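The chain contents come next:
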Amino acid sequence: MTEIWSALSSEILRTPRTVDEAVDRLLLIINDTERHAVASAEEDELVEFHFCLGVAIRNAFGLHNPGSELAAACGTDIHPDDASGVIIQALWERLQDDA
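Rules used throughout
Residues numbered from 1 in each chain as written. Predicted model: local features only at pLDDT ≥ 70, side-chain atom pairs only at ≥ 80, totals over all residues. Heavy atoms only, no water. Helix = DSSP H or I, 4+ residues; strand = E, 2+ residues; numbered from the N terminus. Contact = heavy atoms within 4.5 Å. Areas by Shrake-Rupley, 256 points an atom, 1.4 Å probe, with all protein chains shown as cover. Salt bridge = Lys/Arg side-chain N within 4 Å of Asp/Glu carboxyl O. Buried < 20%, exposed > 50% of the residue type's maximum accessible area, 1.4 Å probe, protein only.

With an unreviewed UniProt entry as reference, the protein is termed DUF6794 domain-containing protein, source organism Methylomonas albis.

Put into C-alpha cells, the structure is as follows:
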C-alpha cells in the first residue's frame, strides 16, 4: 500500500512538463468548490482566476524558472502570466468536456 502512496506523491511533486500533465495535476489537487468555480465560469471570465489560481500555478509549477518545459509547452517566449492562462483555459476545457 505505501508503494502506491510513494508513487502517487512523487507524481504529484514532479513538475508537469506539458499542459495536459498540468491539468491532470490540478484535477488531483483542487477541491470541489474550486473545480465548480472554474467549470461554471464563462470562457471570457477565466481572467478572474489570474490572481488566485494563476498565481498558484505559476509558483507551484515553476513557470518563472528559466528553461521551464511547461512554459515552453504553453508557447514560444510566453510570459509566465500568459502560460498560466493557457493552463487555466485547458483546465476549463477539460471540465467542460466532463460536464
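Once you've had a look at it, read on.
Counting its secondary structure elements, the protein contains six helices and zero strands. Secondary structure elements of the protein occur, N-terminal to C-terminal, as α-α-α-α-α-α. For the protein, the proportion of contacts with a sequence separation of at least 24, taken over those separated by at least 6, is 64%. Accessible area for the protein stands at about 6,300 Å²; split by element, carbon and sulfur atoms hold 53% of it.

Take W92: it is sitting in helix α6 (residues 80-98). With 55 residues separating them along the chain, W92 and A37 place their C-alpha atoms 9.7 Å apart. Not counting chain neighbours up to four residues away, the residues in contact with W92 comprise V38, A39, A41, E42, E43 and L46.

Attention now goes to the pattern of salt bridges. Under the counting rule described, the total for this entry stands at four salt bridges. The residue D20 makes a salt bridge to R94 at a minimum N-O spacing of 3.9 Å. A residue pair is termed long-range when its members are at least 10 positions apart, and D20 in helix α2 (residues 19-29) and R94 in helix α6 qualify at 74 residues. Across the pair R58 and D81 runs a salt bridge, and its minimum N-O distance is 3.1 Å. One end of the pair, R58, is in helix α4 (residues 53-60); the other, D81, is in helix α6, and 23 residues separate them in sequence. For R58, a relative accessible area of 6% corresponds to the buried category.

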